[in-house]
Amino acid sequence: MNEEIISVKNISKRFGAVQALDNVDLVINKGEIHCLVGENGSGKSTLIKIISGVESPDSGDISINGKLYKKLNAIDSMREGIQVIYQDLALFPNLSVGENISLNQRIEKKEKFINWREVRDIAEKELKSIGKAINPDDLVEDLSVANRQIVAICRALTHEAKLIIMDEPTTALTKNEVENLFKIILDLKAQGISVLFISHKLSEVFIISDKIAILRDGKKVGDFKAEELDNEKLVFYMTGKKLVATKFKCEIKQDSGKPLLELKNFTKKGNFLDINLKLYSGEILGIIGLLGSGRSELATAIFGLNKPDSGELFIDGEKVVIDNPGEAIEHGICYLPEDRLSEGLFIEKEIEENLSVIILKNYIKSGLIQRKKLRTDIEKLSKDLNIKTPSLELPVQSLSGGNQQKVVVAKWIAANPKIFILDGPTVGIDVGSKSDIHQIIRNLANKGIGIIIISDEIPEALQNSNRILVMRHGRIVKELESDCITEEELNKIVIESIPKQPEKVSI
Amino acid sequence: MRKIFKQNEIYIFFIMIALIIIITSFNRSFFTLENFFDLLKGHSYEGILAIGFFLVLLSGGIDVSFTAIAVVGMYIGVYTLILTGLNNIFIALLVAGLVGILLGAINALFIGVFKIPTLITTLGTLSAFQGGLMSYLQATKQTVISDPPTSIVNFGKFAIFRIVTAKGSVIELSIFGFIFAFFAILTWVILKYTTLGRSIKAMGGNREAAKRAGFNILRIQFFIYCYVGFMAGIAGLMFGSYLRYIDPLNLVGNELTIIAAVVLGGASIMGGRGSIIGTVIGVSIITILNTSLVFMKVPQYFQQAVIGAIIVISVSITAYRQKRKDRETRVLDVA
């Protein structure tokens, strides 16, 4: 089955000073699951936009279904059966599932009137072929993220798609939902529909793809069959460096006996129950658990955002009551939030401003800000953390996800924390930046800072902590040294005796 | 059954019923067919303006120029009859409608082609349209038309049926109510059964997605603003006929009443949500409040305060419900 659906050759595209793509080839065959990987800025989204006709290349050829296109526009691309599902899904939240699935098609066919029975029938047919029981009358805004994704896929299918392009489809899904999505993708493959998807999660890439295309700095560095690669090789091709995954070893001796942070009987109804933990200087404590296990709730409680009903908190052996983040910061506690875009950054403001936010008050003399001194210190900070940007005056939203996260981390480091809690610090970040952030965290620990890292990825927790706590339903169910356990065993503990995953998780 | 209670409309419907009961307890003559038909006759034009405002709101925009369009349409419609000497109501209606379409198209031009935000555009055209009319009138040394042609007067008096009761009270269903119902139903059909209508709602829900799906946003916007302009022109003419007095200073300044009605009816300021039924109920409640507060000797300023409070409370409730909805279905929000 070597029928080529799409073949692009020698594609180049330049945006101003940046060569986004440099002589890139890509061939996708019928019924093939092809994965596109690359760090942020490697050219993945640009390539997708060119394939879907939204952007046109400076040079190169595009052949779809054997037809050569001199100029490809979005409508042609759609007509040839290429459908893109963007990361934000582009659904209409105020319309029903059935409408979302069939509205675009009706417009394409230039139909003037809506036949509601037909709308329902089409929707039911597609939903059935996917095998998911979603009510076509439900409004999309009432659905979980995973179900919305299914609606987006159904919509793509109504256009008789030959190639479905998915941009980071698994970022917002739980493990179960990811498995379900993969089942659907394999089904599509069986029907002869090709899938091209972009993903940062290398483990998933290996599970689902037939072929893997790797981009780096706008060039294609390789196209491999999934069997030909392993994690190490893949990371090497993506970053050009050998990122050896070493294990963190706590270097500071625990001789003083007094923990940096201690919680006794921390309890909050509906959030967490009877939490007792100790954090020592120089160590990294990993907290893992399923969605809804109370990890973030606990973290925000320590930071003063989520006051507990009862329990005591001690810093350096002294009892402390923290009522708000301001007080937490004064006690040396810093918290990196789960959602950097809405809680960690002032997304439209300059990088410089974002970096200065916490420490600004230290630079005020007689009511005025000492801009020069601040600027010098900020520049050093940015260099230390390897934040890649042509200028600190650009808005922070111009940065890639990985660099944005580094800005958030830098902002907190500038405040000289004693205790640093990081909630999901490498979610949605490319491999290179991920490794950078891990190194930054380890360096902090080696300077004597006590670190708590909340993670959904067991390998990340295992490699970057010396001690691990497992939380379930708001309690700590297990505490162990990360030396003493393997990934499989830890995985088993985490998912032990979970009830069937509900579709909506109330937080 | 549960689904009915989830709808916004059922709540305001009950509020309306409650209002009617309360007011009737103060004044028994409120709850008569004569009174209801009377209210309908005097306020149908507001209902039509509300439907127009709702349509724009649904698409994700906001149009505050409708009162100015109504006034200009009204004046030019009547003036055409005077100028040409043709005493035909249909000509007046046609002219008023066409003027409305033209002015609406000007809105659409700025909004759709020059991409100026809707509120700013329509605030500008609100002043510009009325200002334009006033300048022309001043230049030609005219003001009000205190004695409009008989066809206009008759239009205002025209009743679909008239019953005189034994007590001597007159129960008549004016043609205005019929026109209001016509526009309400027409708009409802467009919104529910045409691709264009669904596109309008879709646009209000997610403008970006609509663009990506290949909707012809410009064409849709021209339709919306011209259609709303048309209705505004007709509504203006109805207003003038009812008063039998064509005053260019009328109407403009009363936008808030309409806006309150539409927002009360459940339409979201953000766009994409709301219904014709809700709008109709909203207009009814505002009309009842406006007319009955006067009945109960409540001063004018207090009425304004009540209207303002209604807007704030309705918008808050809609926003709060949306926030709860977002929180309930949040799994892992990563952009």
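Quantities reported herein were computed from a predicted structural model and do not represent experimental measurements.

Some words on the overall build of chain B
Helix and strand counts for chain B stand at 14 helices and two strands. Taking the principal axes of its C-alpha atoms as reference, chain B extends roughly 65 × 50 × 40 Å. A separation threshold of at least 6 residues defines the contact pool for chain B, and within that pool the share at least 24 residues apart is 75%.

Overview of unusual backbone geometry
Residues and elements named next belong to chain A. Of note in the backbone geometry, asparagine 265 takes a positive phi value of approximately 55 degrees without being a glycine. Position of asparagine 265 among the secondary structure elements: in strand S11 (residues 261-268). Even without glycine at this site, aspartate 316 takes up a positive phi of about 55 degrees. Classification of aspartate 316 as partly exposed rests on a count of 16 C-beta atoms within 10 Å.

A closer look at the sheet that holds strand S9 (residues 211-216) of chain A
All names here are of chain A. On the basis of which strands lie adjacent, the open sheet formed by six strands has the order S6-S7-S8-S3-S9-S10 and mixed pairing. Sheet topology places strand S6 (82-85) and strand S10 (219-225) at the edges, where each strand pairs with a single neighbour. On average, adjacent strands in this sheet sit at an angle of 20 degrees to one another, irrespective of strand direction. Pairing of strand S7 (residues 163-167) with strand S8 (residues 194-198) involves five bridges; the strand directions are parallel. The partner of isoleucine 165 across the bridge, within S8, is leucine 196. Here helix H1 (residues 44-51) sits on the sheet and contacts strand S3 (33-38), S6, S7, S8 and S9; the angle it forms with S7, its principal contact strand, is near 150 degrees. On the sheet, helix H6 (residues 175-190) packs against S3, S7 and S8 and is oriented at approximately 145 degrees with respect to S8.

Thoughts on the sheet that holds strand S2 (residues 18-29) of chain A
All names here are of chain A. The four strands lie next to each other as S2-S1-S4-S5, forming an open sheet whose pairing is antiparallel. The outermost strands of the open sheet, each flanked by one partner alone, are S2 and strand S5 (67-69). Strand-to-strand twist across the sheet, computed as the mean angle between neighbouring axes with direction ignored, equals 20 degrees. Here strand S4 (residues 59-64) runs beside S5; their pairing, made up of three bridges, is antiparallel. Paired with serine 63 across the bridge in S5 is leucine 68. Its contacts with the sheet place H1 against strand S1 (4-15) and S2, and it is angled at close to 120 degrees to S1.

Some words on the packing of helix H3 (residues 97-108) of chain A against helix H9 (residues 195-205) of chain B
Packed helices, taken two at a time, are described by their axes: the angle between them and the distance between them. Viewed as axis vectors pointing N to C, H3 of chain A and H9 of chain B meet at an angle of 125 degrees, and their least axial separation amounts to 11 Å. It follows that H3 of chain A is oblique to H9 of chain B by the angle criterion. Handedness of the H3 of chain A/H9 of chain B crossing: left-handed. For the pair H3 of chain A and H9 of chain B, the contacting residues are Glu99, Leu103, Arg106 and Ile107 of chain A in the first and Thr195, Arg198, Ser199 and Ala202 of chain B in the second.

Regarding helix H5 (residues 145-158) of chain A
All names here are of chain A. For H5, built from 14 residues, the straight-helix expectation of 20 Å at 1.5 Å per residue is met to within 8% by its first-to-last C-alpha distance of 20 Å. Taken across its 14 residues, H5 has 11 buried, putting it largely inside the fold. For H5, the set of buried residues is Ala146, Asn147, Arg148, Gln149, Ile150, Val151, Ala152, Ile153, Cys154, Arg155 and Ala156. Packed against the buried residues of H5 are S6, H3, helix H4 (116-130), S7 and H6.

Observations regarding the environment of leucine 188 of chain A
For leucine 188 of chain A, the location among the structural elements is in helix H6. Not counting residues within four places of it along the chain, the set of residues in contact with leucine 188 of chain A comprises Ile164, Ile193 and Val195 of chain A.

How each quantity is defined
- Residues numbered from 1 in each chain as written.
- Chains lettered and ligands numbered in written order.
- Predicted model: local features only at pLDDT ≥ 70, side-chain atom pairs only at ≥ 80, totals over all residues.
- Helix = DSSP H or I, 4+ residues; strand = E, 2+ residues; numbered from the N terminus.
- Contact = placed C-beta atoms within 7 Å.
- Buried ≥ 20, exposed ≤ 12 C-beta atoms within 10 Å, placed from the backbone.
- Pairing = 2+ DSSP bridges.
- Axes fitted to C-alpha atoms, helices over the stretch in contact; angles between N-to-C directions.
- Parallel < 35°, antiparallel > 145°, perpendicular 65-115°, else oblique.
- Left-handed = near helix turned anticlockwise from the far one by under 90°.
- Expected span 1.5 Å × (residues − 1).

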